[in-house]
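Coordinate analysis (summary)
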Amino acid sequence: MSPRRVPRQVKSMLTKETKPHIQELSVKTTIISRYAFTAVSCTMLNRHSAAAEGVFQFLIPKNAYVSNFTMIIGGRVYPSEVRPKEKKVKQGKGGEAKPKNKEKGEQSSEPEVEVFRMGASIPGRNRAMFMLTYEELLQRRLGRYEHVTSLRPLQLVSRLSVDVTIVDHSTITHLEVLPLRNGKSNTAVASGASAAKTPAKPALPVSTVIKQNKTFCRITFSPNIVQQAKITTSGMLGEFVVHYDVERELGIGDIQVLNGHFVHYFAPKDLPVVPKNVVFVIDTSASMLGTKIRQTKDALFTILRDLRPDDRFNFVSFSNRIKVWQPNRLVPVTPLNVRDAKKFIYMLQPTGGTDINGGIQTGSSLLSDYLNADPDANHHSVSLIIFLTDGRPTVGELQSPSILSNARTAVKEQFCVFTIGMGNDVDYRLLERMALENCGMMRRIHEDSDASTMLKGFYDEIGTPLLSDIRVNYTEDSVQYVTQHLFTNYFNGSEIVIAGKLTNQSADSLHVQVTASNSDKSIVLETDVALRQREVETERHVKEAAAGVGSGDTGAGTTGSVADDFVERVWGFLSVKEGLRSRLKSQTSKEREGHTQQATDLSLTYHFLTPLTSLVVEKPQMLADGTMAEDTPTPTPVTTETNKKAASANELSDETEGEEDTAQSLHLKKDQPGGQSSRITKTTGKVVKRPVQKSITISKTSADGDPHFVVEFPLSKLTVCFNINGEPGHILRMVSDHKHSGVTVNGKLIGAPAPAGSHKQQRTYFSTITIVVNRPKRSYIEVTPKKVILDGQDRLVLSCDTTVSVESGGLVVTIVGKSTVTVTIGGTISFVILVHQYKNPAPHQRNHLGFYISNSKGLSHDCHGLLGQFLYEEVGLAELSGNATATGDNSTSARSPILKVKGRSVPVVQKTRRIYSGRQSVDCWFARNNAAKLIDGQYEDYVVSHLFDTGDWPHGSNGA
């Protein structure tokens, strides 16, 4: 009886909902060589007659950057725009600051995320769609990459799906999907520490499916509403976590090259561990009393057991007073010293204030004196301070600039400082700057987290140094704008990633040299990288990613558009991160201004929402009766900021700027600049149907059905037709004018069995048609019988069952439900795509598309492709006598018509073709044998590698 009760309970909960119901939540991620592109689509339904507020909220990883956000409400599109951040954000500190702080407390078990939130009014009995995309370079920790999808829609969702596709140049050696994560200790670091010690393989989340081969993996998670309710009825499902790692190349690592950019992954293995000299500086002020100090002690006891025999260590505690366990020295790891250290830790008693300056000065002096006492003995070792606090300075030096200056002076670039903050009262800006200025990194531990496990996990990341003083050099004058290529340390299980631009794209090779120090020697690795070979490999890798995604339900339009430039986007992502870190470390206002401008420009170039940019979006204007106003909405400027955790380097600034840079911002747009607004206009079938039919009659040039090609030659007053017997899976170049008008059209074939009695063994149809537009901005349109994906200035996914019209950046896409999709480019190029859908298809029938060129004025005379090559040609028709004599006597034998095309003679016969779903008949001259001699080259010359291929025509030719 129990299973039968669940659906009734679920139904009851859904009917009681007062806020808009989430009908569909789709999260699709494609990870190409560690760079993750995620597209979130959320559809809400307002069941009530009155307008209601719909709030879209999604947790994204803290290291990710939002790259687009779009709303579709009441049939209108509200796109976003990234703008430089204005310096008047402080006005938002009043009313909205408190709720955000409260929410941080509620989400305190999420140290690795930020909350993206946007609310908008949804008209009564209407839907709203929210679309969010973000990008992230996955970091390797503890020997693996982790991808996290947070699923907290706060209600049961009718259709919930997560799709993670991993495509890598290297072999995927480890893959694990964890149980849904939703607990105090379930953070990325915590699970990293514990998972390594858990041999039992955890059960997959319900409904999870994994498909994998050597370099490709697809993971889907799609629990139905009953399965969701069995997990939780609150909608707080938790985190869907994927761990994976790839095979490491020996030597200098893996270099990928694409479109004038390169990315270099370096993660050596099987090296001897470098001895370390470590000083633990621990806060023992009164605020550490209770759980904090107990968990800290537990972690330190565990860390003591993991110290290696060649390590040296010491402990410093600070509050009002500074205590040193072993004054004036670092001690070796011996059973006796470990036992005494445990006693010191056990006796720590929280009391008094917080002297951060005194603690870091004492720890630095200890380590510095030890290193200076015998520099040669410590040449092949790694030295570091691990500094932990839960508060702000209350004793001694209180000014952060002075504390930072004193720390730099004490450290003298001899060692690194790693900082850890516990709880919500920490000056994370201070800890972040202290770590960045001294070659370390900072980690945040939230109030309710399992601090002991997280501390141990953080230590595991930095506790096994393999190399120090790493320098990566490339051929001089061959690269520019290279991201960080000097690294103080390389820790086991991590990865060094460098990206840059190639100054000479025609160069054959790139010399790469890696120098570093190991435990007992210096290491030099160098090789010449064959750039052309690497680019071919990377291109093949990207095509596999697009094909792998395109074969499923995921949006190949998204993957195709970003994958083509993924190496450049990795470079942009790393460059923005680096600019923000340099800005944070700036010592002068002029230096800071330079880094700010550089990071801002890059953020705008790649449409990244960063602490220096704002995401501006307009909202619909609602009338008093709950309906939407017809005119362009002009809302008041309200600021809605993502709940960015202040620990991130991206949001830290000098104290003089207060909280100006503490969040990425989402603004409502006051007005929409002309030419950049996008709108979907609701229309009726009758209104749209007439102009679409009229546009079709402009030209018969088309490819429809099996597919049957028709080419109209207006100057010659002739129509020619031919068939293409392609193979299922082949992608055909229809129109190729990328160099001139910037337009390319490709079509993908699917197969179907031939009907009974047919002379053919199979039929082929167009299942997907893609249009790539390169001007004024690069845009991608992917059309299937079910949906249209427009990926350009905005990313929109539109159903072919609805009737809508979208304008965006000189591009117009008009859909007549279940009938046609018209794409107009710059007003001078127009394509019409017929949508053929079957309610009850016969075995030989498939939902498919037909392609028609409606207006070709904007295409150049050099246009090519199966259809494009004929747009500006003239042809002639002649009759060739089968028995004509040399004297020219007339023959009574049959005469066969000959078509003269580009100097070639093509035998043809007369036929009648029906086009435009059978509504129009066309008399045409039919060329047999896959259009031999009619088309330039051979059929194979028109088969391209992937749907978004814009390569040039290979210049094949036929003899006359």
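Residues numbered from 1 in each chain as written. Predicted model: local features only at pLDDT ≥ 70, side-chain atom pairs only at ≥ 80, totals over all residues. Heavy atoms only, no water.

**Digging into the overall build of the protein**
Per the secondary structure count, the protein includes 15 helices and 51 strands. Taken over 960 residues, the protein has a buried fraction of 58%. In the protein, the share of contacts with a sequence separation of at least 24, taken over all contacts with a separation of at least 6, comes to 70%. (Helix = DSSP H or I, 4+ residues; strand = E, 2+ residues; numbered from the N terminus. Buried < 20%, exposed > 50% of the residue type's maximum accessible area, 1.4 Å probe, protein only. Contact = heavy atoms within 4.5 Å.)

**With respect to the nonpolar core**
Counting 63 residues, the largest nonpolar core has Phe-722, Met-734, Ile-771, Val-821, Phe-851 and Leu-934 as its most contacted members. Leu-160, Val-177, Val-246 and Leu-609 belong to the second largest nonpolar core, which has 49 residues in total. (Core = buried A, V, L, I, M, F, W, Y, C linked by side-chain atoms within 4.5 Å.)

**Notes on the sheet that holds strand 27 (residues 496-502)**
Taking strand neighbours across the sheet as the criterion, the 4 strands line up as 15-16-27-25 in an open arrangement whose pairing is antiparallel. Looking along the sheet, the strands with just one partner apiece sit at the ends: strand 15 (254-258) and strand 25 (479-480). Relative to strand 16 (residues 261-266), helix 13 (residues 566-585) is tilted by about 70 degrees, and along the sheet it contacts strand 15, strand 16 and strand 27. (Pairing = 2+ DSSP bridges. Axes fitted to C-alpha atoms, helices over the stretch in contact; angles between N-to-C directions.)

**Quick word on the packing of aromatic side chains**
Enumeration according to the criterion identifies 31 aromatic pairs in this entry. Summarising the aromatic geometry, the rings of Phe-56 and Phe-69 are spaced 6.1 Å apart at their centres and angled 20 degrees between planes, so their arrangement reads as stacked. Within this pair, whereas Phe-56 is found in strand 3 (residues 52-61), its partner Phe-69 is found in strand 4 (residues 65-73), the two being separated by 13 residues in sequence. Residue class for Phe-56 comes out buried when judged on its relative accessible area of 1%. Seen from their ring centres, Phe-318 and Phe-387 are 5.3 Å apart, and the 15 degrees between their planes marks the pair as stacked. Here Phe-318, found in strand 18 (residues 312-318), pairs with Phe-387, found in strand 21 (residues 382-389); they are 69 residues apart in sequence, far enough to count as distant. There is no split in this pair, since Phe-318 and Phe-387 are both buried. The structure contains a cluster of three or more aromatic residues connected by ring pairs, namely Tyr-35, Phe-37, Tyr-65, Trp-571, Phe-573, Tyr-606 and Phe-608. A cation over an aromatic ring shows up here: Arg-444 above the ring of Tyr-428, its NZ or CZ 3.7 Å from the ring centre. (Phe/Tyr/Trp six-rings, centres within 6.5 Å; stacked < 30°, edge-to-face > 60°. Lys NZ or Arg CZ within 6 Å of the ring centre and 35° of its normal.)

**Details of the pattern of salt bridges**
Under the criterion given, the structure shown has 26 salt bridges. When the shortest N-O distance is used, the salt bridge between Arg-218 and Asp-163 registers 2.5 Å. Taken as a pair, Arg-218 in strand 13 (residues 216-221) and Asp-163 in strand 10 (residues 159-167) lie far apart in primary sequence, 55 residues in all. Owing to a relative accessible area of 6%, Asp-163 belongs among the buried residues under this scheme. (Salt bridge = Lys/Arg side-chain N within 4 Å of Asp/Glu carboxyl O.)

**Here's the deal with the state of the cysteines**
Per the stated rule, a full pass over the model turns up 2 disulfides. Disulfide partner of Cys-416: Cys-439, at an S-S distance of 1.9 Å. Every disulfide takes its handedness from the sign of the S-S torsion; for Cys-416 and Cys-439 that torsion is -105 degrees, giving left-handed. One end of the pair, Cys-416, is in strand 22 (residues 416-422); the other, Cys-439, is in the loop between helix 9 (428-437) and strand 23 (442-445), with 23 residues separating them in the sequence. Residue Cys-439 is classed as partly exposed on the basis of its relative accessible area of 35%. (Disulfide = S-S within 2.5 Å.)

**Structural notes on the packing of helix 5 (residues 291-306) against helix 6 (residues 335-346)**
Orientation of helix 5 relative to helix 6, taken along the N-to-C sense of each, is 175 degrees, at an axis distance of 10 Å. Compared by their axis directions, helix 5 and helix 6 come out roughly antiparallel. Contacts between helix 5 and helix 6 involve Lys-297, Leu-300, Phe-301, Leu-304 and Arg-305 from the former and Val-338, Ala-341, Lys-342, Ile-345 and Tyr-346 from the latter. When the residues that make up the contact of helix 5 with helix 6 are grouped by side-chain class, the tally is 7 nonpolar, no polar and 3 charged. (Parallel < 35°, antiparallel > 145°, perpendicular 65-115°, else oblique. Nonpolar A, V, L, I, M, F, W, Y, C, P; charged D, E, K, R; others polar.)

**Re unusual backbone geometry**
Glycine aside, a negative phi is what most residues show, and trans is what most peptide bonds show. The step from Asp-706 to Pro-707 runs through a cis peptide bond, and the omega angle for that step is -15 degrees. Tracing the chain through its elements places Pro-707 in the loop between strand 33 (702-704) and strand 34 (708-713). A positive phi angle, close to 50 degrees, is found at Arg-125, a residue other than glycine. Using a relative accessible area of 61% as the deciding quantity, one classes Arg-125 as exposed. Positive phi is not limited to glycine here, since Asp-270 has a value of about 55 degrees.

**Observations regarding the packing of helix 9 against helix 13**
Contact geometry for helix 9 and helix 13: axes closest at 9 Å, N-to-C directions at 100 degrees. With respect to helix 13, the axis of helix 9 lies roughly perpendicular. Touching Glu-432, Arg-433, Leu-436 and Glu-437 of helix 9 are Arg-581, Leu-584 and Lys-585, all from helix 13. Residue composition of the contact of helix 9 with helix 13, by class: 2 nonpolar, no polar and 5 charged.

**Thoughts on helix 8 (residues 400-411)**
With 12 residues, helix 8 should reach 16 Å at 1.5 Å per residue; the first-to-last C-alpha distance of 16 Å fits that figure. Residues of helix 8 that are buried: Ser-400, Ile-403, Leu-404, Ala-407, Ala-410 and Val-411. Each buried residue of helix 8 lies within a common arc of 130 degrees when the element is viewed along its axis, so the set occupies one face. Phi turns positive, to about 55 degrees, at Lys-412, one or two residues after helix 8. (Expected span 1.5 Å × (residues − 1). Arc of directions from axis to C-beta.)

**Regarding the sheet that holds strand 29 (residues 522-530)**
Read across the sheet, 4 strands follow the order 26-24-28-29 without closing on themselves; strand pairing throughout is antiparallel. Only two strands of the sheet have a single neighbouring strand rather than two, namely strand 26 (486-491) and strand 29. Each strand of the sheet is rotated relative to its neighbour by a mean of 25 degrees, with strand direction disregarded. Pairing of strand 28 (residues 509-517) with strand 29, which is carried by 9 bridges, proceeds in the antiparallel orientation. Residue Thr-515 lies in a different strand from strand 29, and its bridge partner there is Val-524.

**So, helix 6**
Residue pairs spaced three or four apart in an α-helix point in one direction, given the helix's 3.6 residues per turn. Along its 12 residues, helix 6 runs 17 Å from first to last C-alpha, staying within 8% of the 16 Å computed at 1.5 Å per residue. Here helix 6 has its buried residues at Asn-337, Val-338, Ala-341, Phe-344 and Ile-345. The buried residues of helix 6 all sit within an arc of 115 degrees when viewed along its axis, so they share a single face. Exposed and facing more than 90 degrees away from the buried side of helix 6 are Pro-335 and Tyr-346.

**Points about the environment of Glu-437**
Along the chain, Glu-437 turns up in helix 9. On a C-alpha basis, the gap between Glu-437 and Arg-408 in space is 7.2 Å, while along the polypeptide they are 29 residues apart. If we skip the residues at most four places from it in the chain, Glu-437 touches Leu-404, Arg-408, Lys-585 and Gln-587.

**Concerning the side chain of Thr-296**
Take Thr-296: it is sitting in helix 5. Among the residues examined, Thr-296 registers a relative accessible area of 2% and is labelled buried. Of the polar contacts made by the side chain of Thr-296, one reaches the backbone oxygen of Lys-292; its length is 2.8 Å. Among all residues touching Thr-296, those that are not within four sequence positions of it are Ile-282, Met-288, Leu-388, Met-422 and Leu-455. (Polar contact = N/O pair within 3.5 Å; in protein donor to acceptor, adjacent residues only side chain to side chain.)

**Digging into the confidence of the model for the protein**
Overall, the prediction assigns the protein a mean pLDDT of 81, with 81% of residues at 70 or greater. Taken together, the stretch residues 1-6 has pLDDT below 50 and engages in 3 contacts with residues farther than four places along the chain or on a different chain. (pLDDT = per-residue confidence, 0-100.)

**Considerations on the environment of His-264**
Inspection of the secondary structure puts His-264 in strand 16. Each C-alpha atom, one on His-264 and one on Ile-252, is 8.8 Å from the other, the two residues being 12 residues apart in sequence. The residues touching His-264, leaving out its near neighbours within four places in the chain, are Ile-252, Gly-253, Asp-254, Ile-255, Val-472, Tyr-474, Ile-496, Val-497, Ile-498, Val-512 and Val-514. Looking at His-264, its side chain comes within polar contact range of the main-chain oxygen of Ile-252, at 2.5 Å.

**Notes on the pairing of strand 34**
With 5 of 6 residues buried, strand 34 lies mostly within the body of the structure. Where strand 33 and strand 34 come together, 3 bridges link them in antiparallel fashion. Opposite Asp-704, over in strand 34, you have His-708 as the bridge partner. Two successive antiparallel strands, strand 33 and strand 34, enclose a turn made up of 3 residues, where Gly-705 displays a positive phi of approximately 70 degrees. Note that strand 34 and strand 35 (residues 718-723) share 6 bridges and pair antiparallel. Counterpart to Val-711 in the pairing with strand 35 is Val-720. Once strand 34 ends, the chain turns through 4 residues before running back antiparallel as strand 35, passing Lys-717 with a positive phi of about 55 degrees.

**Focus: the environment of Ile-293**
Residue position: Ile-293 is located in helix 5. Ile-293 gets classed as buried once you look at its relative accessible area, which sits at 7%. Taking the C-alpha atoms as reference points, Ile-293 and Ser-452, 159 residues apart in sequence, are found 9.6 Å from one another. Excluding residues that lie within four positions of it along the chain, Ile-293 makes contacts with Asp-283, Met-288 and Pro-350.

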